[in-house]
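# A structural walkthrough
Here is how the chains run, residue by residue.
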Amino acid sequence: MFKFTKEIHLSGYTLVLPSVSVGNVAQLAVDLLIETLKLEKVGLLWHPALIPIVGPPAYDHDQDKLTTTAELYACTERRLLVLQIRAPLVGALQAEFLDRLTDFVRDQSLADVIVLASSFAHENHRVGARPYKYLTNEKFGTSHGETLERLKWDPLDGTVIHGGGYAAKLLEVCTAKELACFTLFNYVSEGDNTPDAVQLVSLLDQLKQPLLPREEDGIKIKLAIPSSWKHLFGNAAPVNVY
């Protein structure tokens, strides 16, 4: 399932990955994480559930000539493993994919799994509520209880993340295999979702501090924007159509 381009021992690492969700917010957040930390590509992921895609390099620091559907990046200093997935899963094969992915997490003795996602804005029914929530299992809560208590984030009532892709299902599979898992998502509308991605990766930084570099004041997060974001919306409409 994974093809590594270098030898790496992953015991104790945290795996961060996106669930293909509303506005592709989670994937954009992972883009920010990879570009900001200049993560090294250490492997590729292939499975029949992944729709094949290919394109030019997505990140300025990545010297590979091609970008594919699913790629694995790592930072040994932070013991961080990041899986970027750029296409939705084939529905009929989703369960097998998640089963094999969680087997990988167990076999490699990863510390925990953090799934980023998003949900439809109209599903946030409480007026004045924060635009983000989380789902977690008992094992993650045990190891990160003090952090969650300090953050005082609102957990989701229920287990369904509308528009959140496979995020809730992956949490369910991790729980069944006694793997620590945390799902973090924000409520968004379709459009320019780059600000939502900035918020999501900033929340991840709060959960896993210290994670992202700071500006000189030591407070503001210093993010690097991938050059591939210049093409998020394609070219402008030709003038002669008006």
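Report follows, based on the coordinates. None of the values given here were measured: they were computed from a predicted structure.

## What about the overall build of the protein?
Counting its regular elements, the protein contains six helices and ten strands. At 18 Å, the protein has a C-alpha radius of gyration in line with the 18 Å of a compact globule built from 242 residues. For the protein, the C-alpha atoms occupy an extent of roughly 60 × 50 × 45 Å along the three principal directions. Per-residue burial for the protein yields a buried fraction of 48% across its 242 residues. Sequence separation of 24 or more characterises 76% of the internal contacts of the protein that already satisfy a separation of 6 or more. Within the structure as shown, the protein displays about 12300 Å² of accessible surface, and the carbon and sulfur contribution to it stands at 53%.

## So, the packing of helix α1 (residues 25–37) against helix α6 (residues 194–207)
Running from amino to carboxyl end, α1 crosses α6 at an angle of 65 degrees, the nearest separation of the two axes being 8 Å. The hand of the α1/α6 crossing is right-handed. Across the interface between the two elements, Val-25, Ala-26, Leu-28, Ala-29, Leu-32 and Leu-33 from α1 touch Thr-194, Asp-196, Ala-197, Val-198, Leu-200, Val-201 and Leu-204 from α6. Its residues assigned to classes, the contact of α1 with α6 comprises eleven nonpolar, one polar and one charged.

## Concerning the sheet that holds strand β9 (residues 132–136)
Spatially, eight strands are ordered β1-β3-β6-β7-β2-β8-β10-β9 in an open sheet, and the strand pairing comes out mixed. Unpaired on one side and paired on the other, β1 (2–4) and β9 mark the two borders of the sheet. Along the sheet, successive strands turn relative to each other by an average axial angle of 25 degrees, direction set aside. Two elements, strand β6 (residues 70–75) and strand β7 (residues 80–85), share six bridges in a ladder whose sense is antiparallel.

## Topic: the layout of surface pockets
Gaps between atoms show up when a probe of the same size as a water molecule is rolled over them. Space inside the largest pocket adds up to approximately 570 Å³. For the lining of the largest pocket, the element with the highest residue contribution is α1, accounting for three residues. The class makeup of the residues in the lining of the largest pocket is ten nonpolar, twelve polar and three charged.

## Here we look at α1
Here α1 is 13 residues long and its end C-alpha atoms lie 18 Å apart, about the 18 Å a rise of 1.5 Å per residue gives. Within α1, 13 of the 13 residues are buried, which leaves the element mostly enclosed by the surrounding structure.

Reading the values: rules and limits
- Residues numbered from 1 in each chain as written.
- Predicted model: local features only at pLDDT ≥ 70, side-chain atom pairs only at ≥ 80, totals over all residues.
- Heavy atoms only, no water.
- Helix = DSSP H or I, 4+ residues; strand = E, 2+ residues; numbered from the N terminus.
- Rg over C-alpha atoms; globule rule 2.2 N^0.38 Å.
- Buried < 20%, exposed > 50% of the residue type's maximum accessible area, 1.4 Å probe, protein only.
- Contact = heavy atoms within 4.5 Å.
- Areas by Shrake-Rupley, 256 points an atom, 1.4 Å probe, with all protein chains shown as cover.
- Axes fitted to C-alpha atoms, helices over the stretch in contact; angles between N-to-C directions.
- Left-handed = near helix turned anticlockwise from the far one by under 90°.
- Nonpolar A, V, L, I, M, F, W, Y, C, P; charged D, E, K, R; others polar.
- Pairing = 2+ DSSP bridges.
- 1 Å grid on protein atoms, 1.4 Å probe; cavity = no way out; pocket = protein on both sides within 12 Å on 5 of 7 lines; lining within 4 Å.
- Points joined across faces, edges and corners; volume = space filled by probe spheres on them.
- Expected span 1.5 Å × (residues − 1).

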